[in-house]
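Remarks on the overall topology
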Amino acid sequence: MCGVFGIHAPRRDVARLSYFGLYALQHRGQESAGIAVSENGRLTAVRDLGLVPQVFDERTLSGLHGEYAIGHTRYSTTGSNAWENAQPLLHHGRARTVALGHNGNLVNAQELRESTGKQLASTSDSEVIAALIADDPRSLEEALAATMTLLEGAATVVGLADGKLFAFRDEFGFRPLVLGRLGEDWVVASETCALDLVGAAFEREVRPGEVVVVDEDGLHSVQAVEPADRGALCIFEFFYLARPDTRLAGVEVHGARVRMGERLAAESPVEADLVLPIPDSGTPAAIGFARASGIPFSEGLIKNRYVGRTFIQPDQGMREQGIRMKFNPLAEVAGKRVVAVDDSIVRGSTTRQIVQMLFDAGAAEVHVRISSPPVVSPCYYGIDFASEDEMIAARSTVEEVRAAIGATSLAYISLEGLQAATRRPASALCRACLTREYPTRTPADAAKLRFERV
């Protein structure tokens, strides 16, 4: 996942704008946050473990001055949740110093790390991108284009070097990246919701294989790598990752998720008294399911939105309550046949706890409806999925999954139904986690901590 943000605004407080941009992208990563600024070519970065407001305060932001800034919120897929892996990272190379933030996962990170011949400071796959750019003696634009030709997998990147802001997107376009304008100033971000929060107008998406460079003369763009024959924007962005108020490839995410719920109701109807979402990501689909089925919608489960990620762990007694840290059912579910709508099931443990919680609250029946098909295969492009051995649907039938989570009934949306809800052709999306059909080669070793041994 991860969220990236970048801005060139000589007459504005670029650090503060980056802070708010990252606030809008907090859902994409809660492990660490950071901002780097460039003032007359001099780079300064602040990064740490924690949420955006935990890492930054007024004093910290007031010390970050410059004409350019980039920001990053991290969700780890390669490398542990440690300070040295927080981004934006700074890499001092033979040709230049680079500040860089990366969203995605490289499938050839092992080969690239070995090719640099350097001992890297982090154990993520992101620093190798910075190292390649920093060691290339050619102009920044040429170094970026040359680096992009070496990358395999998902790489949505923002960076600062040579007194310029740069951003690029891999040839498949696995992860989103958009361009906006704040008056005469340029902004790049993972999602349109970040542009909205800082008051920037959406201009366009960064094209797969495109690199953009912003300097005092404006924005310059070059198609550094030809786009792949097929697009591969992650379909998981549509039903889970992206914020509902974001637009992906011109499609409003909330509307797509409502359509998923409507399609789910048509494909897998059920007689019930209430439709309730498993918040927050299941809410739009539950709205659609209720709308299409005519079954009343109810919040049903109340979410404590202040739990999130915390460094204060509950004691064993509280830990045994599990999901109650986040959810609590309303009394109205007692005696009711309820439809619980969620976006996905991966391991199944959370769904099982929620189903049991609803039964404990007195629900007569709990029918689970999922607005994605079964997740059956790992993601190598930036989502920290379990191995197939841990994925409940990878080697189980729908009935076996239903029995495992204890639901009265279980149904998933069809792949065709999901695809139709996105209003994007199958050739434009990566669906590998649902189909086992990958658009690139897959790495021999994809263990998250594989570079910790180096």
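The coordinates are above.
Figured I'd write up the structure that's included with this text. (Residues numbered from 1 in each chain as written. Predicted model: local features only at pLDDT ≥ 70, side-chain atom pairs only at ≥ 80, totals over all residues. Heavy atoms only, no water.)

Here the focus is the pattern of salt bridges. This model, assessed by the stated rule, comprises 27 salt bridges. Arg28 is paired through a salt bridge with Glu191; the nearest N and O atoms lie 2.7 Å apart. Of this pair, Arg28 sits in the loop between helix H1 (14-24) and strand E2 (32-39) while Glu191 sits in the loop between strand E10 (185-189) and helix H7 (192-198); the two residues are 163 residues apart in sequence, bridging distant segments of the chain. Glu191 matches Arg28 in its accessibility class, with the two residues each being buried. Here Arg96 and Asp162 are joined by a salt bridge, their closest N and O atoms 3.0 Å apart. Residue Arg96 is located in the loop between strand E5 (89-92) and strand E6 (97-103), and its partner Asp162 is located in the loop between strand E7 (156-161) and strand E8 (164-169); the two are separated by 66 residues in the primary sequence. Judged by its relative accessible area of 44%, Asp162 is partly exposed. The network of salt bridges with common partners includes Arg28, Arg175, Glu191 and Glu237. (Salt bridge = Lys/Arg side-chain N within 4 Å of Asp/Glu carboxyl O. Helix = DSSP H or I, 4+ residues; strand = E, 2+ residues; numbered from the N terminus. Buried < 20%, exposed > 50% of the residue type's maximum accessible area, 1.4 Å probe, protein only.)

Neither face of strand E22 (residues 409-412) is exposed, since Ser409 and Ala411 on one face and Leu410 and Tyr412 on the opposite face are all buried. Sheet topology note: the strand E21 (residues 365-370)/E22 ladder contains four bridges and is parallel. Looking at the pairing, Val368 lines up with Leu410 of E22. (Pairing = 2+ DSSP bridges.)

What follows is about the state of the cysteines. Across all of its chains, the model carries zero disulfides by this definition. In this model Cys2 remains outside any disulfide bridge; the closest cysteine sulfur is found in Cys379, 12 Å from its own. On the accessibility criterion, Cys2 (5% relative accessible area) is buried. Free of any disulfide, Cys193 has its nearest cysteine sulfur in Cys2, 15 Å distant. (Disulfide = S-S within 2.5 Å.)

Strand order across the open sheet formed by four strands is E17-E20-E21-E22, with parallel pairing between neighbours. Single-partner strands in this sheet number two, and they are strand E17 (274-277) and E22. Here the strands of the sheet are splayed against their neighbours by 20° on average, with no regard to which way each runs. Note that strand E20 (residues 337-342) and E21 share six bridges and pair parallel. Bridged to Val341 within E21 is Arg369. Where helix H12 (residues 349-360) meets the sheet, its contacts fall on E17, E20 and E21, and the angle it forms with E21 comes to roughly 150°. (Axes fitted to C-alpha atoms, helices over the stretch in contact; angles between N-to-C directions. Contact = heavy atoms within 4.5 Å.)

Considering all chains together, one arrives at ten aromatic pairs under this definition. Considering the side-chain rings of Tyr19 and Tyr23, the 5.7 Å spacing of their centres and the 65° angle between planes classify their relative orientation as edge-to-face. Here the residue Tyr19 and the residue Tyr23 both occupy positions in helix H1, the gap between them amounting to four residues, near one helical turn. Relative accessible area serves as the criterion here: at 42%, Tyr23 is assigned to the partly exposed category. Measuring from centroid to centroid gives 6.5 Å for Phe166 and Phe168, while their planes differ by 10°, and the two rings are stacked. For the pair formed by Phe166 and Phe168, the shared burial category is buried. Taken together, the ring pairs in this structure connect Phe172, Phe174, Tyr380, Tyr381 and Tyr438 into an aromatic cluster. It is Arg47 that lies over the ring of Trp83; its NZ or CZ is 4.1 Å from the centre. Taking the ring centre of Trp186 as reference, the NZ or CZ of Arg181 above it sits at 4.3 Å. (Phe/Tyr/Trp six-rings, centres within 6.5 Å; stacked < 30°, edge-to-face > 60°. Lys NZ or Arg CZ within 6 Å of the ring centre and 35° of its normal.)

We now examine the sheet that holds E7. Pairing within the open sheet is antiparallel, and its six strands lie in the order E5-E6-E7-E8-E12-E13. The open sheet is flanked by E5 and strand E13 (218-223), the only strands paired with a single partner. The mean inter-strand angle of the sheet, taken between neighbouring strand axes irrespective of direction, is 20°. Across four bridges, the pairing between E8 and strand E12 (residues 210-215) is antiparallel. By the bridge assignment, Phe166 is partnered in E12 with Val213. The sheet strands contacting helix H5 (residues 127-135) are E5, E6, E7 and E8, and the helix crosses E6 at an angle near 145°. Relative to E8, helix H6 (residues 140-150) is tilted by about 20°, and along the sheet it contacts E7, E8 and E12.

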